[in-house]
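# Structural features, examined
Each chain is listed here by its residues.
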Amino acid sequence: MKAIANAAAATDARCAFSAARLAAVTQRARELADAARHGSVRPSLRGKNIAVVAGIDHAADARLFVAAAKALGATVAYVRPRLLLGSSESELADTARLLGRLYDALAFQGIPQELVATLSRQAGVPVFDGIASARHPTAKLAEALEGVASADDRRCFVLQALLLDALS
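Predicted model only: the values in this text are computed from it and were never measured.

### A look at helix 4 (residues 89-102)
The end-to-end C-alpha distance of helix 4, which contains 14 residues, comes to 20 Å, matching closely the 20 Å that a straight helix rising 1.5 Å per residue would cover. Of all the residues in helix 4, the buried ones are Leu92, Ala93, Ala96, Leu99 and Gly100. The buried residues of helix 4 occupy one face: seen down the axis, they fall within an arc of 130 degrees. On its buried face, helix 4 is in contact with strand 2 (75-79), strand 3 (105-109) and helix 5 (113-123).

See below:
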């Protein structure tokens, strides 16, 4: 429980979770790890469409997020960030609303926080800002799962728990 409290203290404006929500996400990640260990992972996100917007230098983080989402049955599409960079406020608002109609959630990796915030206000769907990054505060949750699996697997289970928390 101390690890969960430490993770709660590490959250920032991008990921303001209460201690109770962090505990729930951590518990769900443990349940996902148990299901994976027993070969009984359910495709809980089947029928959900998620867009990933990531630059080339954040491809590894994007791949981790995509693997986590696909393992739960989601369909994931890449959207090129250059379609968003340099757009006017009205173009961004239109793009965000369109993305919100096409996708059930949007995940951004390595995109300027101000741009993500602008898109998030207009999208109308859950927006994840860099949650697959090792520097994101939710990465601390994976440490709370020590002994469950490898470090990469723990990170994947936390991402899956966050996805399920937002989309179910």
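### Topic: helix 2 (residues 19-37)
Note that an α-helix has 3.6 residues per turn; residues three or four places apart therefore point the same way. Taking 1.5 Å of rise per residue, 19 residues should cover 27 Å, and helix 2 covers 27 Å from first to last C-alpha, within 8% of that figure. What helix 2 keeps buried is the set Leu22, Val25, Thr26, Ala29, Leu32, Ala33 and Ala35. Positive backbone phi, at 70 degrees, marks Gly39, one or two positions downstream of helix 2.

### Some thoughts on the nonpolar core
The biggest cluster of nonpolar side chains holds 34 residues, and the ones touching the most others in it are Leu45, Ile50, Val52, Phe65, Phe128, Val158 and Leu163. Where this core is concerned, the elements lending two or more residues are helix 2, strand 1 (49-54), helix 3 (59-71), strand 3, helix 6 (139-143) and helix 7 (151-167). For this core, the leading source of residues is helix 7, giving nine residues. Apart from the residues within four sequence positions on either side, Val52 is in contact with Ala62, Phe65, Val66, Val76, Ala77, Tyr78, Val79 and Ala107. Core analysis: the second largest hydrophobic core is formed by 16 residues, Ala51, Tyr103, Val116 and Val125 among them.

### Here we look at the packing of helix 3 against helix 7
The interhelical angle for the contact between helix 3 and helix 7, taken along N-to-C directions, is 60 degrees, at an axis separation of 9 Å. In this structure, helix 3 meets helix 7 at a crossing whose hand is right-handed. Residues Leu64, Phe65, Ala68, Ala69 and Ala71 of helix 3 touch helix 7, and the partners they reach there are Asp152, Arg155, Cys156, Leu159, Gln160 and Leu163.

### Quick word on the sheet that holds strand 1
One open sheet holds the four strands; their spatial order is 2-1-3-4, and the pairing between them is parallel. Each edge of the open sheet is held by one strand with a lone partner, namely strand 2 and strand 4 (127-129). On average, each strand axis in the sheet is tilted by 20 degrees relative to the strand beside it, whichever way the strands run. In this structure, strand 1 lies alongside strand 2, joined through five bridges in parallel fashion. From the neighbouring strand, Ile50 faces strand 2, where its bridge partner is Val76. This element, helix 7, spans strand 1, strand 3 and strand 4 of the sheet and lies at about 150 degrees to strand 4.

Cut-offs used in this document
- Residues numbered from 1 in each chain as written.
- Predicted model: local features only at pLDDT ≥ 70, side-chain atom pairs only at ≥ 80, totals over all residues.
- Heavy atoms only, no water.
- Helix = DSSP H or I, 4+ residues; strand = E, 2+ residues; numbered from the N terminus.
- Expected span 1.5 Å × (residues − 1).
- Buried < 20%, exposed > 50% of the residue type's maximum accessible area, 1.4 Å probe, protein only.
- Arc of directions from axis to C-beta.
- Contact = heavy atoms within 4.5 Å.
- Core = buried A, V, L, I, M, F, W, Y, C linked by side-chain atoms within 4.5 Å.
- Axes fitted to C-alpha atoms, helices over the stretch in contact; angles between N-to-C directions.
- Left-handed = near helix turned anticlockwise from the far one by under 90°.
- Pairing = 2+ DSSP bridges.

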